Amino acid sequence: MSVSTQSPAMSRLLLLSPVVLTLLALIAIPLGIMGYISLLPRNLYGGVDWQADWQLQSYVKLFFQEGFDGELELNWVYAQALLRSVAQAGGTTLLCFVFGFPVALWMTGLAPRQRSLMVLLITIPFWTNLLIRNYAWLIILREQGWIAQSINALLPQAGGITLLYNDFAVSVGLVYSFLPFMILPIYSTLEKLDWRLVEAAYDLGANRWKALRRVILPLSMPGVIAGALLVFVPSLGAFITPAILGGGKTLMIGNLIQQQFGTARNWPLGSSLSFLLLGILMLALVLYALYSRKTAKTIRRGAAA
Amino acid sequence: MIALHLKKLPLTRETSLLILAYLYLPIFVLIAYSFNANRSATVWTEFSFAWYARILANPSIQTAALNSIIVAGIATVCATLIALLAALATYRPFYGQKMVEGGINLPLILPEIVTAVATLLLFMALGIKLGLLTVIVAHIGFCIPFAYLPIRARLNDLDKSLLEAANDLYANPWQCFRRVTLPLLWPAVLSGAVLAFVVSLDDFIMTFFVAGPGSTTLPVYIFSAIKSGVTPEINAISTLMLVISIVLVVLSFWLGQRGKAQTR
Amino acid sequence: MEHRASVEVQCVSKRYTDDPDVAPALDEVSVNIAHNEFFTLLGPSGCGKTTLLRTIAGFEHVTSGEIRIGGQRVNDLPPFKRRVNTVFQSYALFPHMTVAENIAFGLEMQGLERKAIPARVKEMLALVQMEHLARRKPAELSGGQQQRVALARALAPRPDVLLLDEPLSALDLKLRKEMQVELKRVQQEAGITFIFVTHDQEEALTLSDRIAVMSSGKILQIGGPNDIYERPQHPFVAHFIGDINLLPGDLRRGHDNQSLFRPTGLNVDIPCHPHPRFGSAPVQLAFRPERSKLVDPSQPHHLRAVIEAVLYVGTATLYQCRLSNNAKVMLRESNEGLNGARTVGESVAVHLPPHACLLMEA
């Protein structure tokens, strides 16, 4: 603890003020404005009526619409997009786990140098342009691409399968985009795993699959859950992948939001959609926090025993 | 190294190699096509730099590239400076530290589409005209955590007695920072700055929303070009961007390793 | 040379929390350290010796009390304004600077004339015999060499006081012995007060002019090595420095006004010189294993004992014995005369000459 001439609290405040002001200006205040706009009616020119009283119309519109007789009826348009997004994100998470876990497991068995090379190889795609990487899939999956060509040559009776502009293409793109987020957390828990426990399982007569299911998998759960969160969150808010690889029919919530600020020019609805998205993510984060508190407790109890 | 064979479950190796192929195949396909002389891109005719020559001569790509570099450059410098100050402040525990650090990492958690839309609304509400400036300001926000994390990690690893030794040898806090803390942090600062630069250079969503006419960056240009179809020009410019990102990330990784070796 | 104290620590306490249940790191410590003294703070880990050193250096604020260096109150001075330098346990050499740059650092910060710096650096390098390695980086040096650079760097600004925080603990035994000699030489050549922190009692005895033995944030005894070893005033001090046997009992006066100590449960009176402060309070008798003599069991007025274990340690043999009141004592006999090996189960008598007997509060 070095002693400086200024009081440490004072200098800390000075050092922190730029970041705090930036965060306030670029996150807190914009979200506040968005919240405010979500409570306003839109005006005729596509903006919002700043003078109007607060109302909840844009939230009601997410699920209901006014019927011909003025009654509210259920409106499935946004709910469907929402469900589709949740399903896509959930499916992406599951696929990332199925493909990511073996990779993480394999990496732990490598020599240290190879391991850090693998970590670098897994990390590099994350740092490269998401847009371009999705575009690369567009090249691969398009009708003139060799994959589609060869499938259709092999199965002429299928009548021309298209691989692009559907849920399949979006899944390929999402898994591709976020797979590293699953592999790396699982790898870091597996790396710290006490492999003597696995030996013990073998010793007690478990075969490899049983050891995997009963010992390795449960012990790597913290990494799996963290990875699931890291994949689920950006998948749910994905915009680029469905915009490039999905057709007009496979809208996800991110694209709906974009539409409200683009062609549809309905800012209040776009804002309420954004808050709906944030709400779901918040729920996922809270569940994650509860989970990690629980595991922390169990681990503490285990250490105390 | 106990029980190495226990870790080797069947099919993990095959799956891993397949996944690696999955991760890198699209990148290689893209690169390969960018050198294909044939415009239709389905047939390989011969190796050619023609598309690179074309994009380098294309004035709208030149403008977009210049915009990208201006935005990434300024945003990186600002974000790294802010992150460095924040890292120095959060280095010792204090009340509210968790909250501040959580706030700094917020841009990593929030869906970018939401932050982008909210930032757009901020500029609209304030009546600020969209342009290069709005893009730069918006980029600073999400660049901060990328610059902050490596600096913070290095500060954590820093032997605190080095700072005490400087203090003990008559260095006042500023001299201590200038002569000891900063030189030791420098590789991490550079590594963080490079990451911030890459992230800013690659950003599409935020820029897409807050860029005005004339402030288009390369990713936004590429997006609009993609919308009108696959062309060899896009392949070439995309390849260039990928290569720049990969080189920069490897550079940052190397800087990080060097910094680690130095503080030990 | 003036003879007033170089460092005065007056009633210094240090608490890290306000919780009264947590013992303070320093509990009203007072000590005066003279000019050019090699003063050692000795104690087990967690006894507060390093904390005391760090309060003198200025890395820690004191909770109460006063610290003076060269007569000036320094409580509120930051480390960089105290004419005190530290040799750190981890050496804390700046990894990005060469050996010469490390040594020059303090001089530059002090604002020494640029032209004068190289000469001083050279002088310091010569003092620690490191001239040939001036251009190396710390990572390219061995532990002992790093140690020397750390010493040179701390001495270069010519501080009033040099603080050394367990500087030899990272070295292996042989190197440590060499560096001990080196430290003593450098201290004498530089003519600077050294305050040295260690948990190694032998190191403390070898190097120090005076030693303060600390435990639980308090100084238990201050004295020269000889004092501390021969006349420990506290059972902790006696135990911490060397081996000691303790026997509870009481003190009484014999007919010729001689003080006699009778161990509890034994029918033997041991003549001794009591410290005047002991009345008839319960006391204990302390004696070093090597200060007792094993004699023929037939003689009277001696402790009777049975040997339970024999430990050969080269220059001497240690006997673990049980007295007839079941107390265990450790006795040491030099192997020099080779008075014939004693064996387990043998009965012996223990003679304690009066000068070997120390009395302490029970």
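Residues numbered from 1 in each chain as written. Chains lettered and ligands numbered in written order. Predicted model: local features only at pLDDT ≥ 70, side-chain atom pairs only at ≥ 80, totals over all residues.

Caption draft 1: Here's a closer look at the overall build of chain B. In terms of regular secondary structure, chain B is built from twelve helices and zero strands. In terms of overall dimensions, chain B has a C-alpha envelope of 70 × 65 × 30 Å along the principal axes. Within chain B, the proportion of its 264 residues that are buried is 50%. If you take every contact in chain B between residues at least 6 apart in sequence, the share linking residues at least 24 apart comes to 78%. (Helix = DSSP H or I, 4+ residues; strand = E, 2+ residues; numbered from the N terminus. Buried ≥ 20, exposed ≤ 12 C-beta atoms within 10 Å, placed from the backbone. Contact = placed C-beta atoms within 7 Å.)

Caption draft 2: Local environment of the overall build of chain A. Counting its secondary structure elements, chain A contains 13 helices and two strands. A compact globule built from 305 residues would reach a C-alpha radius of gyration of about 19 Å, whereas chain A, at 25 Å, exceeds it by more than 25%. Expressed as a percentage of its 305 residues, the buried residues of chain A come to 41%. Within chain A, counting contacts between residues at least 6 apart in sequence, those at least 24 apart form 67% of the total. (Rg over C-alpha atoms; globule rule 2.2 N^0.38 Å.)

Caption draft 3: Just the environment of Ile 205 of chain B, in detail. With respect to the helices, strands and loops of the structure, Ile 205 of chain B is situated in helix H10 (residues 205-210). You can call Ile 205 of chain B buried: it has 27 C-beta atoms within 10 Å. Along the chain, Ile 205 of chain B and Tyr 221 of chain B lie 16 residues apart, while their C-alpha atoms are 12 Å from each other. For Ile 205 of chain B, the contacting residues outside a window of four places in its chain are Phe 239 and Ile 240 of chain A together with Glu 112, Ile 113 and Ala 116 of chain B.

Caption draft 4: How the structure looks around the interface of chain A and chain B. Taken residue by residue, the interface counts 65 residues in chain A and 72 residues in chain B. Counting residues per element, the side of chain A that touches chain B draws most heavily on helix H1 (residues 8-38) of chain A, which supplies 15 residues. For the side of chain A that touches chain B, a count of residues per class yields 46 nonpolar, 13 polar and six charged. (Nonpolar A, V, L, I, M, F, W, Y, C, P; charged D, E, K, R; others polar.)

Caption draft 5: Summary view of helix H9 (residues 208-219) of chain A. All names here are of chain A. Turning to H9, its buried residues number three or more, namely Ala 211, Val 215 and Ile 216. Taken down its axis, H9 places every buried residue within 85° of arc, on the same side. Along H9, the residues that are exposed and aim more than 90 degrees away from the buried face are Trp 209, Arg 213 and Pro 218. Buried residues along H9 sit in contact with helix H8 (195-203). (Arc of directions from axis to C-beta.)

Caption draft 6: Just the interface of chain B and chain C, in detail. Contacts between the two partners involve 17 residues from chain B, matched on the other side by 17 residues from chain C. Listed by contribution, the elements that provide at least two residues to the side of chain B that touches chain C are helix H8 (160-168), helix H9 (173-202) and helix H12 (232-263) of chain B. Among the elements that take part in the side of chain B that touches chain C, H8 of chain B stands out by supplying six residues, more than any other. Taken together, the residues of the side of chain B that touches chain C break down into eight nonpolar, six polar and three charged.

Caption draft 7: Local environment of the packing of helix H2 (residues 99-110) of chain C against helix H4 (residues 143-155) of chain C. Residues and elements named next belong to chain C. At a minimum axis distance of 7 Å, the contact between H2 and H4 shows a crossing angle of 25°. Looking at the two axes, H2 sits roughly parallel to H4. When you trace H2 past H4, the crossing you get is right-handed. Packed against H2, whose contacting residues are Val 99, Asn 102, Ile 103, Phe 105 and Gly 106, the element H4 presents Val 149, Ala 152 and Arg 153 at the interface. Class assignment for the residues of the contact of H2 with H4 results in five nonpolar, two polar and one charged. (Axes fitted to C-alpha atoms, helices over the stretch in contact; angles between N-to-C directions. Parallel < 35°, antiparallel > 145°, perpendicular 65-115°, else oblique. Left-handed = near helix turned anticlockwise from the far one by under 90°.)

Caption draft 8: Looking closely at the environment of Val 161 of chain C. Residues and elements named next belong to chain C. Checked against the element boundaries, Val 161 lands in strand S7 (residues 161-165). Judged by the 23 C-beta atoms lying within 10 Å of it, Val 161 falls in the buried class. For the pair Val 161 and Pro 79, spaced 82 residues apart in the sequence, the C-alpha separation amounts to 13 Å.

Caption draft 9: Looking closely at the sheet that holds strand S10 (residues 218-223) of chain C. Residue and element names in this part refer to chain C. Spatial strand order, S6-S7-S8-S3-S9-S10: six strands in an open sheet with mixed pairing. Either end of the sheet is taken by a strand with one partner, and the two such strands are strand S6 (84-87) and S10. Going across the sheet, the axis of each strand differs from the next one's by a mean of 20°, ignoring polarity. In terms of strand pairing, strand S3 (residues 38-42) meets strand S9 (residues 210-215) through four bridges, oriented parallel. (Pairing = 2+ DSSP bridges.)

Caption draft 10: Focus on the confidence of the model for chain A. On average, residues of chain A score 84 in pLDDT, and 94% of them are at 70 or above. Confidence over residues 1-5 of chain A falls short of pLDDT 50; this stretch has 15 contacts with residues more than four positions distant or in other chains. (pLDDT = per-residue confidence, 0-100.)

Caption draft 11: The arrangement of the pairing of strand S19 (residues 347-351) of chain C in detail. Residue and element names in this part refer to chain C. Burial along S19 is one-sided: Val 348 and Val 350 are buried, and none of Ser 347, Ala 349 and His 351, which face the opposite way, are. Two strands pair when backbone bridges link them, and strand S15 (residues 293-295) and S19 are joined in this way by three bridges, in the antiparallel orientation. Paired with Leu 294 across the bridge in S19 is Val 350. As defined by bridge partners, strand S16 (residues 303-312) adjoins S19 across four bridges and the pair is classed as antiparallel.

Caption draft 12: Region of interest: unusual backbone geometry. Of note, the phi angle at Tyr 170 of chain B is positive, near 70°, even though the residue is not glycine. In this structure, Tyr 170 of chain B sits in the loop between H8 and H9.

Caption draft 13: Representation of the nonpolar core within the structure. The biggest cluster of nonpolar side chains holds 257 residues, and the ones touching the most others in it are Val 117 and Ala 147 of chain B together with Ile 195 of chain C. Counting the residues that make up this core, at least three belong to each of domain 1 (5-238) and domain 2 (243-361) of chain C. Dropping the residues within four chain positions of it, Val 117 of chain B is found in contact with Met 34, Ile 257, Phe 261, Gly 270 and Ser 274 of chain A together with Phe 209 of chain B. (Core = buried A, V, L, I, M, F, W, Y, C linked by C-beta atoms within 7 Å. Domains from an automatic or database assignment.)

Caption draft 14: Molecular detail of the sheet that holds strand S17 (residues 316-323) of chain C. Residue and element names in this part refer to chain C. Strands sit in the order S15-S19-S16-S17-S18 across an open sheet of five strands; the sheet is antiparallel. Two strands close off the open sheet at either side, each with one partner strand: S15 and strand S18 (328-334). On average, each strand axis in the sheet is tilted by 50° relative to the strand beside it, whichever way the strands run. Where S16 meets S17, seven bridges bridge the pair, whose relative direction is antiparallel. Note on S17: the bridge partner recorded for Ile 307 is Cys 321.

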